[in-house]
Amino acid sequence: MLMPKESRDLRKTMKRLGIFLLIVFLFDVFICFLFYRYTELSGVLIGFIIICITAVLYLLFLLICAKIDKKKKERLEKSGKKDPFTKE
């Protein structure tokens, strides 16, 4: 059974991941269309390039999310207020 804080964090993570996947899927479709239409590359090579681009974007996304969470935690600690959703 998940604790309330874990459940909230999981929902936040799933929401971020869903938004990321939607944006990256549309970007990948656009890039794939451009590669397929205007280059003479094979489909396998285009797929490999798309996978590499997606992996780099995902790592960048994780880095940005970690920085956002860190700044949010620091701001919350600096303000002296306690998180209203935690029981401490």
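Computed from a prediction, not measured in an experiment: that's the story for all the values here.

Cut-offs and rules
Residues numbered from 1 in each chain as written. Predicted model: local features only at pLDDT ≥ 70, side-chain atom pairs only at ≥ 80, totals over all residues. Heavy atoms only, no water. 1 Å grid on protein atoms, 1.4 Å probe; cavity = no way out; pocket = protein on both sides within 12 Å on 5 of 7 lines; lining within 4 Å. Points joined across faces, edges and corners; volume = space filled by probe spheres on them. Helix = DSSP H or I, 4+ residues; strand = E, 2+ residues; numbered from the N terminus. Nonpolar A, V, L, I, M, F, W, Y, C, P; charged D, E, K, R; others polar. Phe/Tyr/Trp six-rings, centres within 6.5 Å; stacked < 30°, edge-to-face > 60°. Buried < 20%, exposed > 50% of the residue type's maximum accessible area, 1.4 Å probe, protein only. Axes fitted to C-alpha atoms, helices over the stretch in contact; angles between N-to-C directions. Parallel < 35°, antiparallel > 145°, perpendicular 65-115°, else oblique. Left-handed = near helix turned anticlockwise from the far one by under 90°. Contact = heavy atoms within 4.5 Å.

Student: Is there a simple way to explain the layout of surface pockets in this structure?
Tutor: If a probe the size of a water molecule is rolled over the atoms, the empty space left behind becomes visible. Its volume calculated, the second largest pocket comes out at about 150 Å³. Every residue lining the second largest pocket is listed: Asp9, Lys12, Thr13, Arg16, Leu17, Tyr58, Phe61, Leu62, Cys65 and Asp69. Of all the secondary-structure elements, those providing two or more residues to the lining of the second largest pocket are helix H1 (4-38) and helix H2 (43-79). Considered class by class, the residues forming the lining of the second largest pocket number five nonpolar, one polar and four charged.

Student: Please clarify how the packing of aromatic side chains should be interpreted in this entry.
Tutor: Here the distance between the centres and the angle between the planes together describe a pair of aromatic rings. Applying the stated rule across the entire model yields three aromatic pairs. Taking 5.6 Å as the distance between ring centres and 55° as the angle between the ring planes, the aromatic pair formed by phenylalanine 20 and tyrosine 58 counts as tilted. Residue phenylalanine 20 is found in helix H1, and its partner tyrosine 58 is found in helix H2; the two are separated by 38 residues along the sequence. A residue is classified by how much of its surface remains accessible, and phenylalanine 20, at 9% relative accessible area, is buried. Here the aromatic rings of phenylalanine 20 and phenylalanine 61 are separated by 4.5 Å at their centres, their planes lie at 20°, and the arrangement is stacked.

Student: Just checking my understanding: could you explain the packing of H1 against H2 for this structure?
Tutor: Pairs of packed helices are described in terms of their axes, by the angle between the two and the distance that separates them. For the pair H1 and H2, the least separation of the axes is 10 Å and the interaxial angle reads 150°. Judged on the interaxial angle alone, H2 and H1 are roughly antiparallel. For the pair H1 and H2, the crossing hand works out as right-handed. Contact residues: H1 offers Lys12, Arg16, Leu17, Phe20, Val24, Phe27, Asp28, Ile31, Cys32, Phe35 and Tyr36, while H2 offers Ile46, Ile49, Ile50, Ile53, Thr54, Leu57, Tyr58, Phe61, Cys65, Ile68 and Asp69. Each residue belonging to the contact of H1 with H2 can be placed in one class, and the counts come to 17 nonpolar, one polar and four charged.

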